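# Structural description and commentary
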Amino acid sequence: MFEIKWTPEAESLYFETLEYWINHNKSNSYSLKIIDEVERKEKLLADNPFIGAVVIGAKDETRRVLILENFSLHYRIHETTIEIVSFWANKKDLIK
């Protein structure tokens, strides 16, 4: 089983996204849904790190998995860890 580690940049993007949706919806319900799905995907990745699709054009075999269809976790596999390198809104104009 792999340990999940987030880069500071990925963590910052993740928290900015959660905060955006709390402010946008005047509620934390959607952000809680995102959190639940991220935690579910982290557990899945810890046991099955190769389930994500390889990101075409990435330098060092970065992979991605979808979160609620609107977001992606981008990650790299190391010997004993999975490094989350980005939390990305799939629709570029989604968060502005």
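Below you will find a few notes about this structure. (Residues numbered from 1 in each chain as written. Predicted model: local features only at pLDDT ≥ 70, side-chain atom pairs only at ≥ 80, totals over all residues. Heavy atoms only, no water.)

## Here we look at the overall build of the protein chain
This is how the line gets drawn: Helix and strand assignments come from DSSP, with helices taken as H or I runs of at least 4 residues and strands as E runs of at least 2, each series counted from the N terminus. Here the globule rule is a power law, 2.2 Å times the number of residues to the power 0.38, and the radius of gyration is based on C-alpha atoms. Remark: exposure states derive from per-residue accessible area (1.4 Å probe, protein chains only) relative to the maximum for the residue type, with buried under 20%, exposed over 50%, and partly exposed in between. Any two residues whose heavy atoms approach within 4.5 Å are treated as being in contact. The protein chains shown are the only cover counted for residues, whose accessible areas, like all others here, come from Shrake-Rupley with a 1.4 Å probe. A positive count includes Lys and Arg, and a negative count includes Asp and Glu. His and the chain ends are not counted in either. A charged residue contributes its charge at one atom only: NZ of Lys, CZ of Arg, CG of Asp or CD of Glu.
Along the backbone of the protein chain there are 2 helices and 5 strands. Its helices and strands in sequence order give the protein chain the pattern β-α-α-β-β-β-β, from N to C terminus. Radius of gyration (C-alpha) of the protein chain: 13 Å, near the 12 Å computed for a compact globule of 96 residues. Overall size of the protein chain, expressed as C-alpha extent along the three principal axes, is 40 × 25 × 25 Å. The 96 residues of the protein chain split such that 34% are buried. The contacts in the protein chain between residues at least 6 apart in sequence include a share of 47% that link residues at least 24 apart. In the structure as shown, the protein chain presents an accessible area of about 6,300 Å², 53% of it carried by carbon and sulfur atoms. Of note, the protein chain has its 13 positive side-chain charges centred 7 Å away from the centre of its 16 negative side-chain charges.

## Notes on the packing of aromatic side chains
Put simply, the rule reads: Only Phe, Tyr and Trp rings take part, Trp by its six-membered ring, and two of them pair if their centres are within 6.5 Å. Stacked means planes under 30 degrees apart, edge-to-face means over 60, and tilted covers everything else.
Scanning the model with the defined rule gives 7 aromatic pairs in all. Seen from their ring centres, Tyr14 and Phe15 are 5.5 Å apart, and the 40° between their planes marks the pair as tilted. The class for Tyr14 is buried, based on a relative accessible area of 8%. With centroids separated by 6.4 Å and ring planes inclined at 45°, the aromatic side chains of Tyr30 and Phe71 adopt a geometry described as tilted. One end of the pair, Tyr30, is in helix H2 (residues 29-47); the other, Phe71, is in strand S4 (residues 71-77), with 41 residues separating them in the sequence. Tyr30 gets classed as buried once you look at its relative accessible area, which sits at 18%. Exposure remark for Phe71: the relative accessible area of 0% places this residue in the buried category. Members of the aromatic cluster, joined through ring pairs, are Trp6, Tyr14, Phe15, Tyr20, Trp21, Tyr30, Phe71 and Phe87.

## Looking at the packing of helix H1 (residues 8-25) against H2
For any two helices packed against each other, one specifies the inter-axial angle together with the distance between the axes. Put simply, the rule reads: Axis definition: a line fitted to C-alpha atoms, over the contacting stretch in the case of helices. Angles run 0 to 180 degrees between N-to-C directions. With respect to orientation, any angle under 35 degrees is reported as roughly parallel, any angle over 145 as roughly antiparallel, any angle of 65 to 115 as roughly perpendicular, and every other angle as oblique. Amino acid classes used here: Ala, Val, Leu, Ile, Met, Phe, Trp, Tyr, Cys and Pro are nonpolar; Asp, Glu, Lys and Arg are charged; the rest, including Gly, are polar.
Across the interface, H1 lies against H2 with an axial gap of 8 Å and an inter-helix angle of 150°. Comparing the axis directions of H1 and H2 gives the class roughly antiparallel. On the side of H1, the interface is formed by Tyr14, Leu18, Trp21, Ile22 and Asn25, while H2 contributes Tyr30, Ser31, Ile34, Ile35 and Val38. Taken together, the residues that form the contact of H1 with H2 break down as 8 nonpolar, 2 polar and no charged.

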